[in-house]
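Residue strings, one per chain:
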Amino acid sequence: MVDYRIDRHSGVATYVQIVQQTKQALRLGVLRPGDKLPTAREVVEATAINPNTVLKAYRELEREGLVEARRGLGTFVRRGLSTAPADSPLRTELAAWAVRARETGLDRDDVAALFTAVLEEHFAAPDVNPEPLAARGGPAHPQGDRS
């Protein structure tokens, strides 16, 4: 089961946060095909948001083919997005890295910025110039050139 957490200061629409958190649970294998999502009432009680917001999020997930509403039964996962299970060795390594980052004094925003920069560097759309960034004069290290 997924426990939704709403960040009212994030600037991200509440229904989008629910969609994003559901997709994250699907990617991590926390939710699998056949699993039932919390009812709108349960989400409302846990988060104090409008029931229509939950329904809007669930409709968006249904539109994307990830869940299906079954009248009188609830909303169920149709397909997963799991490619990196929650118990992946990569997750363990990333968790250890996050601990080290926090110990060095980085805050959440610093870590997010650093991680996003690395993601962009390694998962950006195919580049017209396939040379590595460092070969084009860019930084070889995510935090810039250390020379």
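The structure contained in this document is the topic of the report that follows.

Rules of the game
- Residues numbered from 1 in each chain as written.
- Predicted model: local features only at pLDDT ≥ 70, side-chain atom pairs only at ≥ 80, totals over all residues.
- Heavy atoms only, no water.
- Patch = residues over 30% accessible without salt bridge, like charges linked within 9 Å, V, L, I, M, F, W, Y side chains within 5 Å.
- Areas by Shrake-Rupley, 256 points an atom, 1.4 Å probe, with all protein chains shown as cover.
- Salt bridge = Lys/Arg side-chain N within 4 Å of Asp/Glu carboxyl O.
- Helix = DSSP H or I, 4+ residues; strand = E, 2+ residues; numbered from the N terminus.
- Buried < 20%, exposed > 50% of the residue type's maximum accessible area, 1.4 Å probe, protein only.
- Expected span 1.5 Å × (residues − 1).
- Axes fitted to C-alpha atoms, helices over the stretch in contact; angles between N-to-C directions.
- Parallel < 35°, antiparallel > 145°, perpendicular 65-115°, else oblique.
- Left-handed = near helix turned anticlockwise from the far one by under 90°.
- Contact = heavy atoms within 4.5 Å.
- Nonpolar A, V, L, I, M, F, W, Y, C, P; charged D, E, K, R; others polar.

Some points on a nonpolar patch on the surface
Taken together, the side chains of Leu-94, Phe-115, Leu-119 and Phe-123 present a nonpolar region at the surface, about 390 Å² in accessible area. Considering every element that reaches the nonpolar patch, the biggest residue donor is helix α5 (residues 108-123), with three residues. With respect to the helices and strands, Leu-94 occurs in helix α4 (residues 89-103). The class for Leu-94 is partly exposed, based on a relative accessible area of 41%.

A few points about the pattern of salt bridges
Overall, the coordinates contain three salt bridges when judged by the stated rule. Here Glu-64 and Lys-23 are joined by a salt bridge, their closest N and O atoms 2.7 Å apart. In this pair, Glu-64 sits in the loop between α3 (51-63) and β1 (67-70) while Lys-23 sits in helix α1 (residues 14-27), placing the two residues 41 residues apart along the sequence. Residue class for Glu-64 comes out partly exposed when judged on its relative accessible area of 25%. As a salt-bridge pair, Arg-63 and Glu-60 come within 2.7 Å of each other at their nearest N and O atoms. Of this pair, Arg-63 and Glu-60 both sit in helix α3, three residues apart, which is roughly one turn of that helix.

Details of α4
With 15 residues, α4 extends 21 Å between its outermost C-alpha atoms, agreeing within 8% with the 21 Å of an ideal straight helix rising 1.5 Å per residue. In the stretch just after α4, Gly-105 is the one whose phi turns positive, near 100 degrees.

Let's talk about the packing of helix α2 (residues 40-47) against α3
Packed helices, taken two at a time, are described by their axes: the angle between them and the distance between them. At a minimum axis separation of 9 Å, α2 and α3 run at an interaxial angle of 125 degrees. As far as their axial angle goes, α3 and α2 are oblique. Like other packed secondary-structure pairs, α2 and α3 cross with a definite hand, here right-handed. Across from Ala-40, Val-43 and Val-44 in α2, the residues of α3 making contact are Pro-51, Val-54, Leu-55 and Tyr-58. A class-by-class count of the residues in the contact of α2 with α3 yields seven nonpolar, no polar and no charged.

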